[in-house]
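Working through the structure, step by step
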Amino acid sequence: MMKMTGKAFAKKLFGAGYERLPRTILIDLIVFWGLYIAGFQVQIALSIRTLMISAFTAGVMWQALSSRDNNLEIQHMIMLPFRHRKFIFSYVAALGVYTVLTKTGMLFAVLLAVSVWKPIEITGMAICMIHAVFMAAAVYSLRKYWYAMGLWTAVIAAAILFLGNRPWFVLLLFMNGLLALLFLWRAEAYVFYQWERKKNHGKAYHTIRRKKTASLWRYFFRYLNCHRNYLLNTAVMWCAALVLPYFLGEMDSPSVIPVGFAILSLNTPICILLSCDRDLERAVRFLPGQEKTFCIPYCLFIFLCNMITDVLFLCSWKIQNGGVAVLMIAVAVFFALQSAMLSVLLEWFYPVRGWKIESDLWHHPRKYIVPVVMLLLAGGALARPVLLPALLVLLAVENIVLLFICWKHR
């Protein structure tokens, strides 16, 4: 039973012939070798490396466990006679292998190439990845006790940060991993199935279409309310907006502010609304005139989310580094609108398809297109601050023209 369950989920995650696995490992090796022969070295403390690997692995594992795309497979399996423990460990093992090899492997390849490692540290990092997988699964299985699980997670994160350099720290992770395994041993398989009320976002959109456009905003906020992990990612961006001025302020130049706006445009969940909800995409494309009816409100919604983050960034900058000029406020509005428009255009013309679970969608390379474009614009503004007003005017005209075309196009 355990072997069959693990194989069923593995084929879903890696393909029927596991063809995705060798391709992913080859990409990791190429990234490692390219950075290694470049000779680029960065001094990173062992505790920071351990925290990065642990947080990233646990975060991706949580996304994989929260993916609603696994519900169908789980539903079919729990309808048949099964043993809870075998099902849980095969399911967690399949998602854990997927997380470590396809997601954490890339981060580990980068860290391995740019920093100096000892053989014992590499072994400890493997234990760290396995620990993060089982702890994320244990916390997920007990998520109704969120206060206790949050405290447990905070204590382990603090222990990694302050004790990660100690040679006996691996033993601590091993003991905590055994505790996580004990929680999974006592869990039931049903906790991994996401019970949800019957709803269909695509059908809901047909109803919204008959009302005013303002109803779309109600739909957007209800959608976020149904996907709390999207709100968590937005909260993380707000925290980054408060902390980022401290690091950028060391450059002692207000012209570096656009770089902060470009970095803060990396809010993936709100920019993949059509890609992650196939029913909504079918409903939207089935109805005529959606370039105006859906895309413009969607663009304004992303613009609002970006502006909230940019306003927090500017307030933090003013508190930590001094005043904010009117031009910087205009730059914030421009970057928020420009990134929103590019995100909507990508979603409309080039939606991401063929993904297995939501984690693939969140980590798709397309997510970096808009931030990279924004960084190039910020780099141009940083190199030629005198040309910044002219650049803003030129691109503002471009935005107005694009909005007008979308508004008139039927």
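All of the points below concern the structure found in this document. Computed from a predicted structure; not experimentally measured. The written sequence of each chain sets the order in which its residues are numbered from 1. pLDDT decides what is reported in this predicted model: residues at 70 or higher carry local features, side-chain atom pairs at 80 or more are listed and counted, and totals for whole chains, interfaces and linings draw on all residues regardless. In computing side-chain properties, one takes all heavy atoms of the structure into account and sets aside hydrogens as well as water.

**Section: helix 7 (residues 146-163)**
Along its 18 residues, helix 7 runs 25 Å from first to last C-alpha, staying within 8% of the 26 Å computed at 1.5 Å per residue. Relative accessible area decides the class of each residue, using a 1.4 Å probe on protein chains only: under 20% of the type maximum gives buried, over 50% gives exposed, and in between gives partly exposed. The way it works is that DSSP assigns letters per residue, a run of H or I at least four long becomes a helix, a run of E at least two long becomes a strand, and they are numbered from the N terminus. Those residues of helix 7 that fall on the buried side of the exposure criterion are Met-149, Trp-152, Ile-156, Ala-159 and Ile-160. Seen end-on, helix 7 carries its buried residues on one side only, within an arc spanning 100°. Opposite the packed face of helix 7, turned more than 90 degrees from it, sit the exposed residues Trp-146, Tyr-147, Leu-151 and Phe-162. The contact criterion used throughout is that any non-hydrogen atoms of two residues lie within 4.5 Å. Close packing links the buried residues of helix 7 with helix 3 (46-66), helix 6 (119-141) and helix 8 (169-185). Every helix has an expected span of 1.5 Å times one less than the residues it contains. The reported arc concerns the directions from the helix axis to the C-beta atoms and nothing else.

**Remarks on empty space enclosed by the protein**
Points on a 1 Å grid, built from protein atoms alone, make a cavity when a 1.4 Å probe fits but cannot get out and make a pocket when they are open with protein on both sides within 12 Å along at least 5 of 7 lines; residues with an atom within 4 Å of a point are the lining residues. Grid points are joined across faces, edges and corners, and a volume is the space filled by probe spheres set on the points. For the structure on display, the rule yields three cavities of 30 Å³ or more. Roughly 150 Å³ of volume is contained in the largest cavity. Taken together, 15 residues form the lining of the largest cavity, with Thr-268, Cys-271, Ser-343, Arg-366 and Lys-367 sitting closest to its centre. Put simply, the parts of the chain that give the lining of the largest cavity at least two residues each are helix 16 (326-349) and helix 18 (369-383).

**As for the pattern of salt bridges**
For salt bridges, the criterion is a side-chain nitrogen of Lys or Arg within 4 Å of an Asp or Glu carboxyl oxygen. Inspection of the entire model under this criterion finds one salt bridge. Close ionic contact of Glu-121 with Arg-49 constitutes a salt bridge, the shortest N to O distance being 3.5 Å. With Glu-121 in helix 6 and Arg-49 in helix 3, this residue pair connects regions lying 72 residues apart in the sequence. Exposure remark for Glu-121: the relative accessible area of 15% places this residue in the buried category.

**Regarding the packing of aromatic side chains**
When two rings of Phe, Tyr or Trp (its six-membered ring) have centres within 6.5 Å they constitute a pair, described as stacked for plane angles under 30 degrees, edge-to-face for angles over 60, and tilted for the intermediate range. Taken as a whole, this structure holds 16 aromatic pairs when the rule is applied. Note on Phe-32 and Tyr-36: the rings are 5.7 Å apart at their centroids and 20° apart in plane angle, and the pair reads as stacked. Of this pair, Phe-32 and Tyr-36 both sit in helix 2 (residues 20-38), separated by four residues, roughly a single helical turn. Look at Phe-32 and you get partly exposed, because its relative accessible area is 23%. Given the relative accessible area of 46%, Tyr-36 is considered partly exposed. Grouped by ring-pair contacts, the aromatic residues Phe-261, Phe-313, Trp-317, Phe-334 and Phe-335 constitute a single cluster. Placement of a positive charge over a ring is assigned whenever Lys NZ or Arg CZ falls within 6 Å of the ring centre and within 35 degrees of the normal to the ring plane. Note that Arg-49 overlies the ring of Trp-117, its terminal NZ or CZ placed 4.5 Å from the centroid. The aromatic ring of Tyr-140 is capped on one face by Arg-143, whose charged end is 4.0 Å from the ring centroid.

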